[in-house]
Amino acid sequence: MSHILVYIAATDGKVKRSSLEVLSYCRRLAADNNLKLSAAVLDADPSRYTDTINQYGADTIFTVKEPVFANHLNTPLIEGLSKIISESNPRLVAFASTESAKEVMGALAARHQAGAIPDVASFSLNGDSVEAERPVMAAKVLSVTSSSSPLVMVSVRSGSYDAVEQAGSAEVQEVAFDFDEGGLKNILKEVISSSGDKVDLSEAEVVVAAGRGIKDAEGVKLVEDLADALGAAIGASRAVTESGLFPATLQIGQTGKVVSPQLYFAIGISGAIQHVAGMANSKVIVAINKDADAPIFQYATYGLVGDLFKILPLLTEQIRSVKAG
Ligand SMILES: Cc1cc2nc3c(=O)[nH]c(=O)nc-3n(C[C@H](O)[C@H](O)[C@H](O)COP(=O)(O)OP(=O)(O)OC[C@H]3O[C@@H](n4cnc5c(N)ncnc54)[C@H](O)[C@@H]3O)c2cc1C
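A short tour of the structure in this document, coming up. The shown structure was predicted, so the numbers you read here are calculated from the model rather than taken from an experiment.

The next subject is the sheet that holds strand β15 (residues 263–267). With respect to topology, five strands assemble into an open sheet ordered β14-β13-β15-β16-β17, the strand pairing being parallel. Looking along the sheet, the strands with just one partner apiece sit at the ends: β14 (233–236) and β17 (302–305). When strand polarity is set aside, the average angle formed by the axes of neighbouring strands in this sheet is 15°. Judged from the five bridges that link them, strand β13 (residues 206–210) and β15 form a sheet pairing that is parallel. Bridged to A209 within β15 is A266.

Within the structure shown, the criterion is met by six aromatic pairs. For the ring pair Y7 and F95, a centre distance of 5.9 Å and an interplane angle of 50° mean the geometry is tilted. Taken together, the residues span a long stretch of sequence, with Y7 in strand β1 (residues 3–7) and F95 in strand β6 (residues 92–96) at a distance of 88 residues. For Y7, a relative accessible area of 13% corresponds to the buried category. Take F95: its relative accessible area is 1%, and that puts it in the buried class. With centroids separated by 5.1 Å and ring planes inclined at 75°, the aromatic side chains of Y25 and F123 adopt a geometry described as edge-to-face. You can see Y25 sitting in helix α1 (residues 17–32) and its partner F123 sitting in strand β8 (residues 122–126), a full 98 residues away along the chain.

What counts and what doesn't
- In this numbering scheme, every chain counts its residues from 1 along its sequence in written order.
- Per-residue local features of the predicted model are confined to residues with pLDDT of at least 70, and side-chain atom pairs are confined, for both listing and counting, to 80 or more; whole-chain, interface and lining totals are unaffected and use all residues.
- Water and hydrogen atoms play no part in the side-chain values, which are based on all heavy atoms of the structure.
- By this definition, two strands are paired if DSSP reports at least two bridges between them.
- Only DSSP runs of H or I covering at least 4 residues are called helices, and only runs of E covering at least 2 are called strands; the numbering of each starts at the N terminus.
- Axis definition: a line fitted to C-alpha atoms, over the contacting stretch in the case of helices. Angles run 0 to 180 degrees between N-to-C directions.
- Only Phe, Tyr and Trp rings are paired, with Trp represented by its six-membered ring, and only when their centres lie within 6.5 Å; those with planes under 30 degrees apart are stacked, over 60 edge-to-face, the remainder tilted.
- Three exposure classes are used, based on accessible area relative to the maximum for each residue type with a 1.4 Å probe and protein chains only: buried under 20%, partly exposed in between, and exposed over 50%.

Note that every value here comes from positions in space, so none of it alone points to a role or purpose.
Quick look at the structure:
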């Protein structure tokens, strides 16, 4: 029986939530189409991830163990996944839309003559064809794309599906893999963490995002205090990253990161369509803005109309005292 293969992205001992979302959805898709579900994890020590993957009901977990994967380079990843695809012959390969997914998926699709549909918000398998919806033009329009290739690859925007546990008893298959690092055109010399990235923005459950309304260092401090009280990741609008108040790596939106947390605070953000394109998938959106007509309130679950410089200290204090019990 053919299968759906899900690539599991994992770093520092933690599986990316977006990969578990894709795996959960593919479990349903596989069952509906009489296919098996497989997961692939490639790491210096993949065994540290198999228990977590097993909580999401895969039939098989392909593991590839190689020290080179510790460096997070795309070339060995492409080679390792290519080997799994050649040996196991899946019907569909699904990725979470992470930073490297487009390059890895593009290279694999070219090599295996597969149809590739990147950055989808939803997809389905109908007989011979894979059909997907992709947000385009700053998410104003959904384009429907389909591929009837014998092998199709998709990458899925984070937050498109829920990660739903269903414990399984997957068979773990170790795939033999030899990689000659001498052939690498890129090498990783050093990893420098960004100071604002205490919590990984793309994977965060709670995001506190700052807009131009925060104005200056005092506003930055208020946003940092709220994020600290909530254990949240900090994000920002382009107006703020361009002003230098927060680094460009924290920008959310069409030309920044796409986030899909359980809880999103939009602080002094007007709600321009280019910003909304990066956060509209958030489950609960709380907007704080002094302008009652700001477009962000159209997307907000809860809206607070008022001066953020007055609201944030009170909110942070309340959260701290609730957490302190
Ligand atoms: C091609 C293109 C790509 C783009 N990509 C992105 C992107 O990826 N991400 C992105 O964010 N933007 C992007 N933009 C820019 C986008 O169009 C907006 O200009 C930007 O999002 C505005 O940021 P903002 O909401 O922080 O600022 P503003 O629109 O200036 O809004 C500031 C808000 O703060 C409120 N405010 C001010 N003072 C206070 C106060 N004391 N208390 C409470 N509220 C207050 C105001 O009422 C206002 O609503 C892009 C634009 C283009 C053309």
